[in-house]
Amino acid sequence: MTLLVTGGAGFIGSNFVLDWLRQSDEKIINLDALTYAGNLENLASLQGDARHVFVQGDVCDRALIDKLLAEHRPRAIVHFAAESHVDRSISGPGAFMRTNIEGTYTLLEAARAYWNPLPEADKAAFRFHHVSTDEVYGSLAKDDPAFAETKTYEPNSPYSASKAASDHLVRAWHHTYGLPVLTTNCSNNYGPYHFPEKLIPLMIVNALAGKALPVYGDGQQIRDWLYVTDHASAIRAVLAGGKPGEVYNVGGWNEKANIDIVKTVCALLDELRPDPAGPYARLITYVTDRPGHDRRYAIDARKIERELGWRPAETFDTGIRKTVQWYLDHPDWVQHVQSGSYRDWVSKQYGA
Ligand code: NAD
Ligand code: DAU
């Protein structure tokens, strides 16, 4: 049996591939365009492993996807590939519309053409798993209930609007064509191989370099945080037992204000790699807020627990400690991702 994974060289996709192959011999075909966010170094431990076949390519390339489906006959597609950074979607939305909307459409159409003529048993067993985000639901006030699967869609950024559009396409391909789709909407992930344009890894690498720790606005925005291997286990659970056409919200029951996340990272670094110049929190710098910044996300993850028995294994305390330690243990990985294009992004986003 075989899975086709898209975006498996990115942060969550590569953690999913590594986690999958730690527990299963089922082969993975990994289709990834290797944009700035894709990194084969994440998958270095799989070199020479016949269970992992990497293909560099674009999810908008229908001919390539048709070829991969015909050649490898996967029993499921797990679709991670996306442009994923909200700030980049604000300064350049075009790539988000293309990959997140057109790419998902292309993959759905290729999947439908492949799935339609399958023998009945294979057809019934096939799954198209769409990996999506809690951001499609919009922003919550302090006392609003957490996002349930029935929450109306109110995306506020070009990124979340493009993911919302992709979710709607996935839903429609089930409703109209009967394609057996599954959608998971997950909260903020963190952990190894997280590209340092996102909050937690940016704070770790900047602190270690003695640079400012840029906190947007008042730092009181709230996110729910989930350790990345818990996201991988949730996807495994949904793929194995989720009902086609259903949506499952995935979260860590871990709401935290951004400033508290940054202070926690600083405190862990003070303990694990003390800076003779003083506590890392001295580097915290409040900067101009993100335009349209969503105030709060929170996930009601009771459905996936009730129906599929999934709960996160990590607490925030255990996950954030492992994460900070991972960055301390992998200075080469950090150095390699901080290429010219990374430096260009940082100076464009944060100025000199
Ligand atoms: P990422 O940006 O780290 O990785 C995205 C991967 O997709 C990269 O390897 C990139 O090369 C690849 N890719 C981009 N455009 C492509 C294209 N046109 N064709 C093929 N490959 C392409 O993203 P991530 O944080 O790992 O997120 C993965 C998925 O999970 C996304 O769909 C995202 O919306 C969703 N998600 C992310 C989070 C989070 O906290 N990071 C939370 C919930 C959901
Ligand atoms: O909620 C799930 C989403 O989480 C995913 O769908 C996205 O792909 C993923 O990037 C993430 O989006 P966020 O915008 O929440 O993540 P980010 O790490 O960019 O920011 C987290 C919070 O920290 C957010 O409120 C903005 C703030 N922030 C971020 C950066 C990069 C700062 O205060 N300073 C920063 O420099």
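Note that the structure is a prediction, hence the values are computed from the model and not measured.

Looking at unusual backbone geometry
One non-glycine residue, Leu34, adopts positive backbone phi at about 55°. By secondary structure assignment, the location of Leu34 is in the loop between strand E2 (27–32) and strand E3 (52–56). Located in the positive-phi region is Tyr193, a residue other than glycine, with phi close to 65°. Examined against the element boundaries, Tyr193 turns out to sit in the loop between strand E7 (188–190) and helix H7 (199–208).

Focus: empty space enclosed by the protein
Counted by the stated rule, this structure contains two cavities of 30 Å³ or more. Estimated volume of the largest cavity: approximately 60 Å³. Taken together, Val86, Ile90, Glu135, Ser157, Arg290, Pro291, Gly292, His293, Asp294 and Tyr297 form the lining of the largest cavity. The class makeup of the residues in the lining of the largest cavity is four nonpolar, three polar and three charged. Estimates place the volume of the second largest cavity at around 40 Å³. Lining the second largest cavity we find Tyr190, Trp225, Leu226, Tyr227, Asp230, Gly252, Asn254, Pro312, Glu314, Thr315 and Phe316. With three residues, the single largest contributor to the lining of the second largest cavity is strand E9 (residues 222–227). Looking at the lining of the second largest cavity residue by residue, the class counts come to six nonpolar, three polar and two charged.

Digging into the sheet that holds strand E4 (residues 76–79)
On the basis of which strands lie adjacent, the open sheet formed by seven strands has the order E3-E2-E1-E4-E5-E6-E10 and parallel pairing. This sheet does not close on itself; its edge strands, each paired only once, are E3 and strand E10 (247–250). Each adjacent strand pair in this sheet contributes to an overall mean axis angle of 20°, direction not counted. Against the sheet, helix H8 (residues 228–241) makes contact with strand E1 (2–6), E4, strand E5 (127–133), strand E6 (181–186) and E10, and its axis sits at roughly 145° relative to E5, the strand it touches most.

Points about the nonpolar core
One finds Leu3, Val5, Phe16, Val78, Leu213, Ile304 and Ile320 to be the most contacted residues of the largest nonpolar core, which totals 63 residues. Here the element with the most residues in this core is helix H9 (residues 258–272); it accounts for seven residues. Core analysis: the second largest hydrophobic core is formed by 24 residues, Ala111, Phe126, Val170 and Trp173 among them.

Quick look at the site of ligand 2
Surrounding ligand 2, one finds 25 residues, the nearest of these being Asp134, Tyr159, Arg290, His293 and Tyr350. In this structure, an oxygen atom belonging to ligand 2 sits 2.7 Å away from a side-chain N or O atom of Thr133. Contact between ligand 2 and Tyr159: an oxygen atom at 2.6 Å from a side-chain N or O atom of the residue. Compared with its free state, where it exposes 690 Å², ligand 2 has 95% of that area covered by protein. Elements supplying a minimum of two residues to the shell around ligand 2: helix H3 (86–91), H7 and strand E8 (213–216). With three residues, the single largest contributor to the shell around ligand 2 is E8. The residue inventory of the shell around ligand 2, partitioned by class, reads ten nonpolar, eight polar and seven charged.

Some thoughts on the site of ligand 1
Neighbouring ligand 1 are 29 residues, the closest being Ile12, Asp32, Ser84, Tyr159 and Lys163. The side chain of Thr99 places a nitrogen or oxygen atom 3.0 Å from a nitrogen atom of ligand 1. Between ligand 1 and Tyr159 there is a distance of 2.7 Å, counted from an oxygen atom to a side-chain nitrogen or oxygen. Alone, ligand 1 offers 830 Å² of accessible surface; in the complex the protein occludes 96% of this. Only helix H1 (11–23), E5, helix H6 (158–177) and E7 provide two or more residues apiece to the shell around ligand 1.

Digging into the packing of aromatic side chains
For any pair of aromatic rings, geometry is given as the distance between the ring centres together with the angle between the planes. This model, assessed by the stated rule, comprises 20 aromatic pairs. For the ring pair Tyr193 and Trp326, a centre distance of 4.8 Å and an interplane angle of 65° mean the geometry is edge-to-face. Linking Tyr193 in the loop between E7 and H7 with Trp326 in helix H11 (residues 316–329), this pair joins segments that are 133 residues apart in sequence. The same class applies to Tyr193 and to Trp326, which are both buried. With 5.0 Å between their ring centres and 80° between their planes, Trp326 and Tyr327 make a pair best called edge-to-face.

Quick word on the environment of Ser139
Among the structural elements, Ser139 can be located in the loop between E5 and H6. In the structure, Ser139 is positioned 83 residues away from Ile222 in sequence and 9.8 Å away in space, judged by C-alpha atoms. A distance of 2.8 Å separates a polar atom in the side chain of Ser139 from the backbone nitrogen of Arg295. At 3.5 Å, the side chain of Ser139 forms a polar contact with the backbone nitrogen of Arg296.

Rules used in this analysis
- Residues numbered from 1 in each chain as written.
- Chains lettered and ligands numbered in written order.
- Predicted model: local features only at pLDDT ≥ 70, side-chain atom pairs only at ≥ 80, totals over all residues.
- Heavy atoms only, no water.
- Helix = DSSP H or I, 4+ residues; strand = E, 2+ residues; numbered from the N terminus.
- 1 Å grid on protein atoms, 1.4 Å probe; cavity = no way out; pocket = protein on both sides within 12 Å on 5 of 7 lines; lining within 4 Å.
- Points joined across faces, edges and corners; volume = space filled by probe spheres on them.
- Nonpolar A, V, L, I, M, F, W, Y, C, P; charged D, E, K, R; others polar.
- Pairing = 2+ DSSP bridges.
- Axes fitted to C-alpha atoms, helices over the stretch in contact; angles between N-to-C directions.
- Contact = heavy atoms within 4.5 Å.
- Core = buried A, V, L, I, M, F, W, Y, C linked by side-chain atoms within 4.5 Å.
- Buried < 20%, exposed > 50% of the residue type's maximum accessible area, 1.4 Å probe, protein only.
- Near = heavy atom within 4 Å.
- Polar contact = N/O pair within 3.5 Å; in protein donor to acceptor, adjacent residues only side chain to side chain.
- Areas by Shrake-Rupley, 256 points an atom, 1.4 Å probe, with all protein chains shown as cover.
- Phe/Tyr/Trp six-rings, centres within 6.5 Å; stacked < 30°, edge-to-face > 60°.

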